[in-house]
Amino acid sequence: PDDLSLQLAKLPLDAHEVATLRGAGVTTVAELAAAELDALLPGYLEQVTHRTGAEERLRLAQRRAGLVHSGVQLERLDAGPIELPSATLEIDFDLETSATERIYLWGFWVTDARTGGSSYHQVSDFRHLERADELELAVRALSWLRELTASADALVYHYSAYERDQIDRLARALRHPVLEWAAEYSREHFVDLFPIVRQHFFGTEGLGLKVVASAGAGFAWRDADPGGLNSMRWFKDAIDAESAEEREQARTRVLEYNEDDVRATWHVRRWLRSLA
């Protein structure tokens, strides 16, 4: 289980780099973690000239190896409180797309400090979407967001730049006032949590939302196998499965997955704010 070839996704190194390490007597994660790189590097670099930045890749792999060997998924890079913008109305936001890259689901987790309440809101369309359908759905979802945030002290949180990029794409495709409002609003009122996490943490399995929310914030998705690619399959089942029961089960699975995604970003925010 400790063999380098079984840990490529966590290191990561290609097959030739692993073979080169084997030739130098480094075959396991524990051995890589303990290796004297300054002594290993001269001979190693001569054999991995196919890789740009081979030394940096190996040093990064050793760092990951040390954490993997110690059972650490997330390593804090600094100390002290983490600055995270806050607002009276905080909205966690996540999109779901089909295999044809049409956005069919806009999901929001709304937390209102004035009432102390939280709730899930979604705008979706479980059909084979054409471009016009996707745009109409976006207008519906963002009209709701504009009404919700009107005259409110509000921030919208997401994880990675994807959500903002998609709003910009849709605004360019259709010069609709609501889409143009959303593109402009996102520049001042959207908060991407990913660069904040990346500034303060190193992850042995990367810093994706699933890793950070589970290893850091202790959050668990209801689905046994959550993931964006799986959700595309569930969406297809929700519209194409043979029976109405199968379609409804797939639809419920997608909606629960999206709700868990936005709840996960809320848990990540709460966790980040708790650190000192």
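Anyway, here's the lowdown on the structure attached to this text.

Cut-off values and rules
- Residues numbered from 1 in each chain as written.
- Predicted model: local features only at pLDDT ≥ 70, side-chain atom pairs only at ≥ 80, totals over all residues.
- Heavy atoms only, no water.
- Helix = DSSP H or I, 4+ residues; strand = E, 2+ residues; numbered from the N terminus.
- Contact = heavy atoms within 4.5 Å.
- Polar contact = N/O pair within 3.5 Å; in protein donor to acceptor, adjacent residues only side chain to side chain.
- Expected span 1.5 Å × (residues − 1).
- Buried < 20%, exposed > 50% of the residue type's maximum accessible area, 1.4 Å probe, protein only.
- Arc of directions from axis to C-beta.
- Core = buried A, V, L, I, M, F, W, Y, C linked by side-chain atoms within 4.5 Å.
- Patch = residues over 30% accessible without salt bridge, like charges linked within 9 Å, V, L, I, M, F, W, Y side chains within 5 Å.
- Areas by Shrake-Rupley, 256 points an atom, 1.4 Å probe, with all protein chains shown as cover.
- Salt bridge = Lys/Arg side-chain N within 4 Å of Asp/Glu carboxyl O.
- Lys, Arg positive; Asp, Glu negative; His and termini not counted.
- Charge placed at Lys NZ, Arg CZ, Asp CG, Glu CD.

Section: the environment of Y157
Examined against the element boundaries, Y157 turns out to sit in strand β5 (residues 154-158). In this structure, the C-alpha to C-alpha distance between Y157 and T265, residues 108 residues apart in sequence, is 7.5 Å. Discounting chain neighbours no more than four positions away, the residues touching Y157 are P85, S86, A87, E90, I91, D92, F93, V191, L193, R269 and R273. A distance of 2.6 Å separates the side chain of Y157 from the backbone oxygen of P85, its partner in a polar contact.

Looking at helix α10 (residues 228-240)
Compared with the 18 Å implied by 1.5 Å per residue over 13 residues, the 18 Å span of α10 between its first and last C-alpha is a close match. Taken together, the buried positions of α10 are occupied by N230, S231, W234, F235, A238 and I239. Buried residues along α10 cover an arc of 170° about the axis, so they all sit on one side. Facing away from the buried side of α10 by over 90 degrees, the exposed positions are L229 and K236. At its buried positions, α10 is contacted by β2 (89-97), β3 (103-112) and α11 (244-274).

Points about the nonpolar core
If you look at soluble globular proteins, the nonpolar side chains tend to sit buried side by side. Counting residues in each nonpolar core, the largest one holds 36 residues, and the members touching the most others are F126, L193, V197, F201, V212, V268 and L272. With eight residues, the single largest contributor to this core is α11. Apart from residues lying up to four places away in sequence, L272 is in contact with I82, I196, V197 and F201. Ranked by size, the runner-up nonpolar core spans 27 residues in total, among them I91, L145, L170 and A183.

Observations concerning a negative patch on the surface
Together, D237, E242, E245 and E246 line one region of the surface with negative charge. Tracing the chain through its elements places D237 in helix α10.

Structural notes on the environment of H176
Of note, H176 is situated in the loop between α6 (162-173) and α7 (177-189). Separated by 41 residues in the primary sequence, H176 and L135 place their C-alpha atoms 9.4 Å from one another.

Looking at the pattern of salt bridges
Scanning the model with the defined rule gives 27 salt bridges in all. Ionic pairing is found between R22 and D3, a salt bridge with its closest N-O pair at 2.6 Å. With R22 in helix α1 (residues 15-23) and D3 in the segment before α1, the pair connects residues that are 19 residues apart, well separated along the chain. Assessed through its relative accessible area of 33%, R22 is described here as partly exposed. The salt bridge partner of E55 is R59, with a shortest N-O separation of 3.1 Å. Residue E55 and its partner R59 are both found in helix α4 (residues 54-70); the two are separated by four residues, about one turn of the helix. The exposure class assigned to E55 is partly exposed, which follows from its relative accessible area of 28%. On the basis of relative accessibility, which here comes to 35%, the residue R59 falls in the partly exposed class.

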